[in-house]
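Listed below are the residues making up each chain.
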Amino acid sequence: VPGELLSPEDVDDRYRFTAKGNPIIKHHFTADPAAMVKGDTLWLYAGHDFAGGQQGYKMKDWIVYSTTDLKNWTEYPVSLRISDFTWAKSGDAFAGHVTERNGKYYWYISSNWSGIGVAVADRPEGPFRDALGKPLLTNKDCFASSHSWACIDPAVFIDDDGQAWIFWGNRECYYAKLKENMVEIDGEVKQLNFEGLAFTEAPWVHKHNGKYYLSYATEFPEKIAYAMADKIDGPYVYKGILNEIAGNSNTNHQAIVPFKNQWYFIYHNGGINPDGGSFSRSICIDTLNYRADGTIHKIEMTTE
Ligand code: FUB
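Residues numbered from 1 in each chain as written. Predicted model: local features only at pLDDT ≥ 70, side-chain atom pairs only at ≥ 80, totals over all residues.

S.K.: Before we go on, may I ask you to explain the nonpolar core in this structure?
M.R.: Inside soluble globular proteins, nonpolar side chains tend to come together where they are buried. Residues Ala-35, Tyr-45, Trp-107 and Trp-168 are the most contacted members of the largest nonpolar core, which totals 89 residues. Setting aside residues no more than four positions away along its own chain, Tyr-45 makes contact with Ala-34, Trp-62, Val-64, Gly-96, Val-98 and Trp-107. (Core = buried A, V, L, I, M, F, W, Y, C linked by C-beta atoms within 7 Å. Buried ≥ 20, exposed ≤ 12 C-beta atoms within 10 Å, placed from the backbone. Contact = placed C-beta atoms within 7 Å.)

Written out as structure tokens, the structure is:
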């Protein structure tokens, strides 16, 4: 049933399905993709939207998927709910990001008004548990902010030298180093300033041929813009729009990963008829291709 919440009680096994074009998942509404590649498997961590008719971003849990060929997918029983974070008073399962370090999997999540937390698991599909029992970052870490939901949308990047970084924000983009344990901020929180179209939310950092790429949602309805830098903390040089407004969804939120010799752009639209829309979103995957100078061709959104 589209949008219906899964729970361990009613899902006793993994659910397998075959993607037929975009959106790739048609039996749930899914949003805010975060992807992690490990060996021959792409792991997809998704927000779980409600079925059509819902107003507002009021998701209660996240869902984990895996694939080895982007066609045949496995969905796992829900392993992380916003209620697992007792401090997340607003109870909205906003965007997250998963990364691995030293054999543990860290799922950074955000909750509207409550901040950013981190859950940890021994396996990529979970079960995950709140690692801290308190937020990792709160609105007071968004020192330049004029509004109360600035502390959302974490994106973590572990650089080649082993240093982990976390980026996040709404209206302003913040960043900090993470300690080796991945659950403590190391040093100062800083604000990232860059020219070009204004930052709305959804930062994602990746590296290609020695260059750093910061992609992010801009304007509203959102497009995805990107900037490039020689160092992870900038200065970032604005390069343009990477992805236009994704159909009938006001938000756009990207994950960018290499998988089996091709880069992919994973995002959401409101593409399931008749119920899809800004609050009932669906994850899509398209290819991402670089030019010789390192800039990126605009994403061609497909339905095939
Ligand atoms: O899904 C809730 C919020 O909408 C996310 O945190 C933002 O990135 C936007 O997609």
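S.K.: Would you explain the UniProt feature "active site" (unreviewed entry) in the protein chain in this entry?
M.R.: Within this structure's numbering, the places UniProt gives as "active site" (unreviewed entry) are Asp-32 and Glu-201. A stretch of 170 residues holds the annotated residues, and the largest C-alpha distance among them is 11.2 Å, short enough that they meet in one place. By the secondary structure assignment, Asp-32 is in strand β2 (residues 29-38). For Asp-32, a count of 31 C-beta atoms within 10 Å gives the class buried. (UniProt positions renumbered as here; feature names shortened; annotations may be inferred. Helix = DSSP H or I, 4+ residues; strand = E, 2+ residues; numbered from the N terminus.)

S.K.: Explanation requested: the confidence of the model for the protein chain in the structure shown.
M.R.: A low pLDDT means the predicted coordinates there should not be read in detail. A residue-level look at the protein chain finds 96% of positions with pLDDT of 70 or above and a mean pLDDT of 94. Within the model, pLDDT remains below 50 along residues 1-12, and this stretch shows 21 contacts once partners closer than five positions in the same chain are excluded. With a pTM of 0.95, the predicted complex shows an ipTM of 0.98. (pLDDT = per-residue confidence, 0-100.)

S.K.: How do you make sense of the pairing of strand β17 (residues 223-229) when you look at a structure like this?
M.R.: Two faces belong to every sheet, and in a regular strand the side chains alternate between them. Inspection of the sheet shows strand β16 (residues 211-218) paired to β17 by seven bridges, in the antiparallel sense. When the sheet's bridge partners are listed, Thr-218 is paired in β17 with Lys-223. Hairpin connection from β16 to β17: four residues lie between these consecutive antiparallel strands, with Glu-219 at a positive phi of about 60°. The pairing of β17 with strand β18 (residues 237-243) spans five bridges and is classified as antiparallel. The partner of Ile-224 across the bridge, within β18, is Asn-243. (Pairing = 2+ DSSP bridges.)

S.K.: Honestly, the site of the ligand in this entry has me stumped. Any pointers?
M.R.: Taken together, 13 residues sit near the ligand, with Tyr-57, Phe-94, Ala-95, Thr-251 and His-253 positioned nearest. Counting residues per element, the ones that place at least two in the shell around the ligand are β2, β7 (94-101) and β15 (199-208). When grouped by side-chain class, the residues that make up the shell around the ligand number six nonpolar, four polar and three charged. (Near = placed C-beta within 6 Å. Nonpolar A, V, L, I, M, F, W, Y, C, P; charged D, E, K, R; others polar.)

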